[in-house]
Structure formats: C-alpha cells, structure tokens
Amino acid sequence: LKKAHEENFKVGIRLQSVVKNTVPEWLIEKYNPPVAMLSSGQRLTVVAPWDDNVRREFEAFIREFGKQGFQDDPAFAWASIHGIGLALGEEFDLPERDVRNLEKVAGLTHEKFEAWVLGRLNAWADAFGDKAYKLGWVGGEHLGAPDYDDVAANAIRPAHRAGANRAGQRTPGGPHV
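Quick look at the structure, then. In this convention, every chain numbers its residues from 1, walking through the sequence in written order. Owing to the predicted nature of the model, reporting of local features is limited to residues with pLDDT of at least 70; listing and counting of side-chain atom pairs is limited to 80 or more, with chain, interface and lining totals taken over all residues. For the side-chain quantities, the full set of heavy atoms in the structure was used; hydrogens and water were omitted.

**Quick notes on the overall build of the protein**
As a reminder, the rule being used: Think of it this way: any DSSP run of H or I at least four residues long counts as a helix, any run of E at least two long counts as a strand, and we number them from the N terminus. Contacts: residue pairs with any heavy atoms within 4.5 Å of one another. Accessible surface is estimated by sampling points in the Shrake-Rupley manner with a 1.4 Å probe; for residues, cover comes only from the protein chains shown.
The secondary structure content of the protein amounts to 6 helices and 6 strands. Helices and strands appear in the protein in the N-to-C order α-β-α-β-β-α-β-α-α-β-α-β. Counting only contacts in the protein whose residues sit at least 6 apart along the sequence, the fraction spanning at least 24 positions is 74%. Per element, the accessible surface of the protein, about 8,800 Å² overall, is 52% carbon and sulfur.

Structural data, given as structure tokens:
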C-alpha cells in the first residue's frame, strides 16, 4: 500500500485458499481435511473448503484480515472471493466428473456446498463492511454439475440481493458486474 501511494496506483488481493499448496500446513496437520485431485492438466490437489474446520478457520482469517483495515485505504481497490475450479482452483466452475469425485472422496454435499459458499461470502462481507463494493466473486452461478446449479444460485443470489450486490461478480474470462 505504501508503494501504491508513492507511485499513485491501486492494489488488490487474490487470496487463494483451495489448492493444497495455498492452504496453511498447520491447518492440514491439525484437522486432516479431505483432499482430492481435479482433472485439470495442472493436476491440482484441493483441500475440501466445505470441511467444517477448514471453513471455520478460513472465515475467521478473513474476518481478522478485515480488522486490519486494508479495505479502508483508498489505494486498496479490490479483493477476489474465490470458489473452486480448474483454473488454479479458484473460479467457480468444475466439470461434472470432478463434482462427482469430490462427492465421493471429499465429502461434498449440497448442504455443505451451500454453507461453504454462504459462509465465504458472509465472512468477506463482514470483513469489508461498508467497503464490500470492493469485493468480487470469481465465478458464476453454475458449478458444472446441473444438480448443484440451484445450490450455487441459492447461495449467491441472496448475497447480491441483501446488499452484497455491492460485491462485483466476475465470471471466468468475463467482466466484473
């Protein structure tokens, strides 16, 4: 932020948190959450973000991040809220074969999925408060398996209607809305 002020530019954050090498080792050691490999050419291994312990720790981290006040700095322009997908594990899109594998080996269910998405959106919205307009959801309303689309939409749409439409949305390769 100091350099941004000195050189008159804006900064943001893309906090990755699903791909195994971006999840703190202590969290994996302490809770041993489910992991699974995605079918991408990058052979990404993801830590189940819907695991109760992973969710709780990540949401607490985001709220603590908000207490630091970065979002109040005029040079801090944005933060991305990530989902899960083949593009470095961030975008909110997965082929149906990966969804089925996550159900089988990583405990993905409709209920856990919806709680994870809502928990993530709410943690970021809480952390940013009246600066939530600086948030952008990375992905859309479709997970890739049609039977999860309603879960995704049900989680994302209320956040937009309830004021988190103050948060932008970016679909893979698309603009913020």
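**With respect to unusual backbone geometry**
Phi at Asn8 is positive, roughly 60°, even though this residue is not glycine. Turning to its location among the elements, Asn8 is positioned in the loop between α1 (2–7) and β1 (11–14). Phi is positive for Asn32, close to 45°, though the residue is something other than glycine. Residue position: Asn32 is located in the loop between α2 (25–31) and β2 (35–37).

**Points about the environment of Arg97**
As a reminder, the rule being used: Partly exposed describes any residue whose relative accessible area lies between the buried limit of under 20% and the exposed limit of over 50%, with all areas from a 1.4 Å probe on protein chains only and scaled to the type maximum.
The topology assignment puts Arg97 in helix α4 (residues 96–106). Residue classification places Arg97 among the exposed positions, given a relative accessible area of 55%. Counting along the chain gives 58 residues from Arg97 to Ser39, while the straight-line C-alpha distance between them is 8.2 Å.

**A closer look at the environment of Leu108**
Along the chain, the position of Leu108 falls in the loop between α4 and α5 (110–128). Since its relative accessible area comes to 4%, Leu108 is described here as buried. Taking the C-alpha atoms as reference, Leu108 lies 7.8 Å from Ala48; in sequence the two are 60 residues apart. Look past the residues within four positions of Leu108 in its chain and what remains in contact with it is Trp50, Val99, Leu102, Glu103, Phe113 and Tyr148.

**Digging into α4**
Keep this limit in mind: The reported arc concerns the directions from the helix axis to the C-beta atoms and nothing else.
Among all positions in α4, only Asp98, Val99, Leu102 and Ala106 are buried. End-on, the buried residues of α4 take up no more than an arc of 105°, which puts them together on one face. In α4, the exposed positions that point more than 90 degrees away from the buried face belong to Arg97 and Lys104. One or two residues past the end of α4 sits Gly107, with phi positive at roughly 75°.

**A closer look at the pattern of salt bridges**
Selection rule: Whenever Lys or Arg places a side-chain nitrogen within 4 Å of a carboxyl oxygen from Asp or Glu, that contact is recorded as a salt bridge.
In the structure shown here, the tally under the stated rule is 8 salt bridges. With a shortest N-O distance of 3.8 Å, Lys67 and Glu64 are connected by a salt bridge. Taken as a pair, Lys67 and Glu64 lie in helix α3 (residues 52–67) at a separation of 3 residues, close to a single helical turn. Residue Asp72 is joined to Lys131 by a salt bridge in which the shortest nitrogen-to-oxygen separation is 3.9 Å. Of this pair, Asp72 sits in the loop between α3 and β4 (76–81) while Lys131 sits in the loop between α5 and β5 (135–138), placing them 59 residues apart in sequence. Through salt bridges with shared partners, a single ionic network connects Asp72, Asp130 and Lys131.

Spatial relationships are all this shows, so hold off on functional conclusions.
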